[in-house]
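Observations on chain architecture
Residues per chain are reported as follows:
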Amino acid sequence: MISRNIKTGICCLAFLLLAGIQSLQAQSGRFSFEKYINHQDTLRYRMLFPDADNMQKYPLVIFLHGSGERGNDNEAQLKWGAQNFATDEAMSMHPAFVIAPQCPEKEGWSNFDGRDKSTDLKLKPSPSKVMGLVIDLVHEMIKKFAIDTNRIYITGLSMGGFGTYDAIERYPDLFAAAVPVCGGGDVSKAPLIAKMPIWIFHGAEDPAVNPAFSVSMLEALVKAGAHPGFTQYPSTGHFSWLAAYKDPLMMEWLFRQHK
């Protein structure tokens with residue numbers, strides 16, 4: 001027979017799980033469903049609006065999801081990380097526009113040579129099709145909304161971490177700060193982004209993306225004269241984004257940055 005204490009504990013656990021699910025659903029519901037159409041191409045994305053004051057401008061955050069959230073449901077990209085920008089605390093302390101685009105199946109945010117061989121990535125001349133759409137969308141949003149162009153931030157995890165480096169290395173003048181999580185970039189382009197505030201996150205035990213990708217970028221940035229933040233969680237695998245996006249210091253740091 002199950003004791004009263006065990007029953008009480010099970011009920012409490014079930015209540016907490018239900019409350020957590022309801023909280024995530026509520027945060028997800030704060031992102032509107034949107035589409036950006038450019039000629040024959042369509043980019044699905046979700047958008048979070050600040051509690052708008054027409055007398056001021058707000059920062060813009062671009063959030064790039066990982067490979068597991070690719071598709072066309074316009075839902076999966078909110079599974080990890082993006083909803084941390086939609087909590088009550090985040091929206092009250094750091095009001096911002098946030099866009100979370102969804103990458104289609106079999107496509108990617110970045111366009112590098114060499115990922116399967118080593119950490120020696122080389123940025124190809126042209127962006128991937130979906131990255132091109134993301135950048136076009138950003139420029140459209142600047143025209144339509146009260147966005148502070150000195151406070152445009154980009155962040156992403158795993159595939160999105162590589163996409164974050166791709167974006168800032170191609171368009172260094174567009175972004176005020178970046179937070180790549182378990183990603184990597186072209187170390188030869190580090191001088192282009194040496195003046196940009198960057199905070200790198202990775203798990204030391206990551207089996208999917210070698211931490212050497214982040215370490216190589218850190219070393220290249222420091223050599224170029226940059227002062228990036230670097231957090232490597234010593235006992236964490238691939239899910240380093242769980243801690244990264246819940247870190248209030250990271251959020252406070254990000255929203256302090258401007259060009």
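Below, the structure is looked at part by part. Small disclaimer: the values here were computed from a predicted structure and weren't measured. Every residue gets a number counted from 1 within its own chain, in the order that chain's sequence is written. The predicted nature of this model means local features are confined to residues of pLDDT at least 70 and side-chain atom pairs, given and counted, to a pLDDT of 80 or more, with totals for whole chains, interfaces and linings taken over all residues. Excluding hydrogens and water, the side-chain figures rest on all heavy atoms present in the structure.

1. What to know about the overall build of the protein chain
Where we set the bar: Secondary structure follows DSSP: runs of H or I at least 4 residues long count as helices, runs of E at least 2 residues long count as strands, and numbering of each begins at the N terminus. When accessible area is computed with a 1.4 Å probe and restricted to protein chains, residues below 20% of their type maximum are described as buried, those above 50% as exposed, and intermediate ones as partly exposed. Contacts are assigned to residue pairs that have any heavy atoms within 4.5 Å of one another. Accessible areas in this description were obtained via Shrake-Rupley with a 1.4 Å probe; residue shielding takes into account the shown protein chains only.
Along the backbone of the protein chain there are seven helices and ten strands. The burial tally for the protein chain puts 48% of its 259 residues in the buried class. Pairs at least 24 residues apart make up 71% of the contacts formed inside the protein chain by residues separated by at least 6 positions. As presented, the protein chain carries roughly 13100 Å² of accessible surface, and 54% of it is formed by carbon and sulfur atoms.

2. Considering the nonpolar core
Nonpolar side chains tend to gather and get buried jointly when the protein is soluble and globular. Selection rule: The term nonpolar core refers to a set of buried residues drawn from Ala, Val, Leu, Ile, Met, Phe, Trp, Tyr and Cys, joined through side-chain atoms within 4.5 Å.
L60, I62, I99, I168 and F175 are the most contacted members of the largest nonpolar core, which totals 41 residues. Of all the secondary-structure elements, those providing two or more residues to this core are strand 2 (41–48), strand 3 (58–64), strand 4 (97–101), helix 3 (129–144), strand 7 (147–157), helix 4 (159–170) and helix 5 (212–223). The greatest single-element share of this core, amounting to eight residues, is contributed by helix 3. When near neighbours in sequence (up to four residues on either side) are disregarded, L60 contacts F97, I99, V138, M141, I147, R151, I152 and Y153.

3. So, the packing of aromatic side chains
For clarity, the cut-off: Aromatic rings from Phe, Tyr and Trp, with only the six-membered ring used for Trp, were paired whenever their centres fell within 6.5 Å, and each pair was classed as stacked if the ring planes differed by under 30 degrees, edge-to-face if by over 60, and tilted otherwise. Any Lys NZ or Arg CZ that is within 6 Å of a ring centre and within 35 degrees of that ring's normal is treated as a charge sitting over the ring.
Here the structure, examined in full by the defined rule, presents 15 aromatic pairs. Seen from their ring centres, Y58 and F97 are 6.2 Å apart, and the 85° between their planes marks the pair as edge-to-face. Pair noted here: Y58 is in strand 3 and F97 is in strand 4, with a separation of 39 residues, a long-range link. A centroid spacing of 5.6 Å and a plane angle of 90° characterise the contact between Y153 and F255, whose relative ring orientation is edge-to-face. Pair noted here: Y153 is in strand 7 and F255 is in helix 7 (residues 248–256), with a separation of 102 residues, a long-range link. Grouped by ring-pair contacts, the aromatic residues F63, F85, Y153, Y245 and F255 constitute a single cluster. Above the ring of F33, the side-chain terminus of R46 is found at 3.6 Å from the ring centroid.

4. What about the pattern of salt bridges?
Where we set the bar: Salt bridge, as used here: a side-chain nitrogen of Lys or Arg that lies within 4 Å of a carboxyl oxygen of Asp or Glu.
Under the counting rule described, the total for this entry stands at seven salt bridges. Among the salt bridges present, the one from K122 reaches D120, with a minimum N-O distance of 3.6 Å. On the accessibility criterion, D120 (42% relative accessible area) is partly exposed. Note that R170 and D166 form a salt bridge whose closest N and O atoms lie 2.8 Å from each other. Remark: D166 and R170 occur in helix 4; sequence separation between them is four residues, near one turn of the helix. Taking the relative accessible area as the measure of exposure, R170 reaches 15% and is therefore buried.

5. Some points on the pairing of strand 4
Heads up, the condition is: Here, any two strands with at least 2 DSSP bridges between them count as paired. Crossovers are described as right-handed under a simple rule: with the strands pointing away from the observer, the path leading from the first strand over the helix to the second runs clockwise.
Burial runs high along strand 4: five of the five residues are buried. Alternating residues of strand 4 divide into F97, I99 and P101 and V98 and A100, and every residue in both groups is buried. As defined by bridge partners, strand 2 adjoins strand 4 across four bridges and the pair is classed as antiparallel. Counterpart to R46 in the pairing with strand 4 is A100. Between the parallel pair strand 3 and strand 4, the chain is carried across by helix 2 (residues 88–93), and the sense of this crossover is right-handed.

6. A closer look at the environment of A204
By the secondary structure assignment, A204 is in the loop between strand 9 (199–203) and helix 5. For the pair A204 and S235, spaced 31 residues apart in sequence, the C-alpha to C-alpha distance is 6.4 Å.

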